[in-house]
Amino acid sequence: MTQSIDSVATEAAVDAFYETMSRLVDIPPGMRRRQGVAGTKLFLTGLPIPSLNMVCVGAEPDLDEVGAFAEELSGEGVPWSIQLRGEASPALLELATRHGRTSSSSLPLLVWDASLRSPLAASVPPGAAVREVAGSEYEVFAAALADGFGTPRDTADALALPALLDAPDMTAFVLELDGEVVATGFNMLSGDQVGMFNGSVPPRHRGNGYYRALVTARLRHAVGSGARHAFTQTSRMSRPLYASLGFRLAETWTYLSAES
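Residues numbered from 1 in each chain as written. Predicted model: local features only at pLDDT ≥ 70, side-chain atom pairs only at ≥ 80, totals over all residues. Heavy atoms only, no water.

Enquirer: Sorry if this is basic, but what is going on with the overall build of the protein chain here?
Expert: Per the secondary structure count, the protein chain includes 8 helices and 11 strands. Whereas a compact globule of 260 residues would reach a radius of gyration of roughly 18 Å, the protein chain reaches 18 Å, a difference of no more than 12%. Taking the principal axes of the C-alpha coordinates as reference, the protein chain spans close to 55 × 45 × 30 Å. Residues counted as buried form 49% of the 260 residues belonging to the protein chain. Of the contacts formed within the protein chain by residues at least 6 apart in sequence, a portion of 70% connects residues at least 24 apart. Of the roughly 12,100 Å² that the protein chain leaves accessible, carbon and sulfur atoms contribute 52%. (Helix = DSSP H or I, 4+ residues; strand = E, 2+ residues; numbered from the N terminus. Rg over C-alpha atoms; globule rule 2.2 N^0.38 Å. Buried < 20%, exposed > 50% of the residue type's maximum accessible area, 1.4 Å probe, protein only. Contact = heavy atoms within 4.5 Å. Areas by Shrake-Rupley, 256 points an atom, 1.4 Å probe, with all protein chains shown as cover.)

Enquirer: When you look at the pattern of salt bridges in this model, what are you seeing that I'm missing?
Expert: Pairing is possible between side chains of opposite charge, provided their charged atoms come close. The final tally for this structure, using the stated rule, is 13 salt bridges. A salt bridge links glutamate 251 to arginine 85, with the shortest nitrogen-to-oxygen separation between them at 2.7 Å. With a gap of 166 residues between them, glutamate 251 in strand β11 (residues 248-257) and arginine 85 in strand β4 (residues 81-85) connect regions that are remote in the sequence. On the accessibility criterion, glutamate 251 (18% relative accessible area) is buried. Among the salt bridges present, the one from glutamate 137 reaches arginine 131, with a minimum N-O distance of 2.9 Å. A single salt-bridge network, built from bridges that share partners, covers Arg32, Arg34, Glu72 and Glu76. (Salt bridge = Lys/Arg side-chain N within 4 Å of Asp/Glu carboxyl O.)

Okay, here's the thing in structure tokens:
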């Protein structure tokens, strides 16, 4: 039987998600964020990824505020989305359509509780090793992100800035196989929560246990740094792996974006 997630644990993960997003955009030049009176949030990274330029709808949507923030992002010339917890109401869908956000996708918010999980085994495939990457090696991390996600190098560079890799409570990880990076990950601590981001493996290296080994190592590192909970948003492909490590579904979030 699937264990339900209580509302306190869910809200703690949600708060940590937005706190880590805020810290992420506060570091690189040219990025910005703000929050409206009604709780609507705006995050602008300038990267060509709709889920990294967002109007985040509050628990009780103020359509005027959401519309004003959507108008602001519309003028930035980057892909963007309207993010909300759960499903969109007809009124919100109509607002999104007026701003060209006619495509709907969803991502799960998964959470992990160290107290509900037995100690994680330190198992790394033969010939592989996990290590942290500092800002002085940002090119290693950027190249691996571009390879793993299949993204342009300039996008990967923005996610691997030395200022991010060396920031307090932020840690970049790679798993190397005979000197070649075959998996990446990025942890961001927020109190007793750790957000797990930028997990990637190039297609040619998938299915060999490298990503599982890296996620497990990242969780051990986070717990050793004081985290007792973790959260992540995953693709359909990696969700079973996280479930096997004890992650549970807290919520499903909707992203309204332009047709690709």
